[in-house]
Amino acid sequence: PPDVAELGRATWTFLHTTAAYYPATATPAQQTSMRAFIAALGDFYPCSWCATDFREKMRQAGGVRDVDVSGRDGLEKWFCDRHNEVNRKLGKQVFDCRKVGERWRDGPDD
Ligand code: FAD
């Protein structure tokens with residue numbers, strides 16, 4: 001099986017960075033594509049219990065149709081909230097979602 005922690009760090013880096021560089025105002029086609037991308041993440045994420053949980057949390061948050069894919073701010077917030085749900089489940093510190101731009105767009109690397 002994959003190294004779940006390594007896979008998680010790499011995936012969150014990819015997801016938060018993708019959200020940080022998503023258009024400020026997404027076109028309808030970009031929004032459709034992003035919804036499909038998020039749904040596919042739930043279908044194919046290669047840690048099966050992580051994927052099951054992700055789909056369940058997404059369902060609780062209103063389903064993929066309810067994800068705010070209108071622009072960068074909303075998408076950053078959505079991924080930050082999902083990541084914080086996993087943080088809570090694993091007993092990790094909850095991240096301040098106001099700092100997501102600083103961490104993943106303009107901030108220094110860590
Ligand atoms: P990570 O949690 O990987 O975080 C990396 C960096 O992201 C942090 O150093 C911090 O700078 C930043 N960060 C932290 N929180 C946020 C936030 N809310 N928003 C923005 N940036 C943030 N692991 C399991 O054991 N069980 C699971 O069920 C599980 N489900 C997962 C589901 C998904 C969709 C993903 C992508 C990962 C999942 N993981 C799961 C992996 C888990 O979330 C962590 O990636 C892994 O435990 C390594 O944690 P870490 O402490 O190195 O930092």
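So, here's what we can say about the structure. (Residues numbered from 1 in each chain as written. Predicted model: local features only at pLDDT ≥ 70, side-chain atom pairs only at ≥ 80, totals over all residues. Heavy atoms only, no water.)

## Observations concerning the overall build of the protein
Secondary structure summary: the protein contains 5 helices and 0 strands in total. Across the protein, helices and strands are ordered from the amino to the carboxyl terminus as α-α-α-α-α. In terms of overall dimensions, the protein has a C-alpha envelope of 35 × 30 × 20 Å along the principal axes. Taken over 110 residues, the protein has a buried fraction of 32%. Long-range pairs, those at least 24 residues apart, make up 65% of the contacts in the protein between residues at least 6 apart in sequence. Summed over its atoms, the accessible surface of the protein is roughly 7000 Å², and 55% of this surface lies on carbon and sulfur atoms. Computing the positive centroid from 16 side-chain charges and the negative centroid from 16, the protein places the two 4 Å apart. (Helix = DSSP H or I, 4+ residues; strand = E, 2+ residues; numbered from the N terminus. Buried < 20%, exposed > 50% of the residue type's maximum accessible area, 1.4 Å probe, protein only. Contact = heavy atoms within 4.5 Å. Areas by Shrake-Rupley, 256 points an atom, 1.4 Å probe, with all protein chains shown as cover. Lys, Arg positive; Asp, Glu negative; His and termini not counted. Charge placed at Lys NZ, Arg CZ, Asp CG, Glu CD.)

## Brief notes about helix 3 (residues 48-60)
With 13 residues, helix 3 extends 18 Å from end C-alpha to end C-alpha; this agrees with the ideal 18 Å at 1.5 Å per step. Regarding helix 3, the residues found buried are Ala51, Phe54 and Met58. Along the long axis of helix 3, the arc covered by the buried residues comes to 60°, so they all point the same way. Residues of helix 3 that are exposed and point over 90 degrees away from its buried face: Ser48, Trp49, Arg59 and Gln60. Residues of helix 3 that are buried in the fold lie against helix 2 (28-44) and helix 4 (72-89). (Expected span 1.5 Å × (residues − 1). Arc of directions from axis to C-beta.)

## With respect to the packing of helix 2 against helix 3
Two elements in contact, helix 2 and helix 3, have axes separated by 7 Å at closest approach and are oriented at 140°. With respect to each other, helix 2 and helix 3 are oriented oblique. In this structure, helix 2 uses Ile38, Leu41, Gly42 and Asp43 to contact helix 3, whose residues at the interface are Ala51, Phe54, Arg55 and Met58. Its residues placed into classes, the contact of helix 2 with helix 3 shows 5 nonpolar, 1 polar and 2 charged. (Axes fitted to C-alpha atoms, helices over the stretch in contact; angles between N-to-C directions. Parallel < 35°, antiparallel > 145°, perpendicular 65-115°, else oblique. Nonpolar A, V, L, I, M, F, W, Y, C, P; charged D, E, K, R; others polar.)

## As for the site of the ligand
Around the ligand sit 23 residues, and of these Arg9, Trp12, His83, Lys89 and Arg103 come closest. Between the ligand and arginine 103, the relevant distance is 2.8 Å, taken from an oxygen atom to a side-chain nitrogen or oxygen of the residue. Here a nitrogen atom of the ligand and a side-chain polar atom of tryptophan 104 are 3.0 Å apart. Against a free-state accessible area of 960 Å², the protein chains account for coverage of 84% of the ligand. Applying the majority rule of atoms within 2 Å of the grid points places the ligand in the largest pocket. Broken down by element, the shell around the ligand gets its largest block of residues, 7 residues, from helix 1 (residues 4-20). (Near = heavy atom within 4 Å. Polar contact = N/O pair within 3.5 Å; in protein donor to acceptor, adjacent residues only side chain to side chain. 1 Å grid on protein atoms, 1.4 Å probe; cavity = no way out; pocket = protein on both sides within 12 Å on 5 of 7 lines; lining within 4 Å. Sits in = over half its atoms within 2 Å of the grid points.)

Geometric descriptors of this kind do not, in isolation, establish any biological role.
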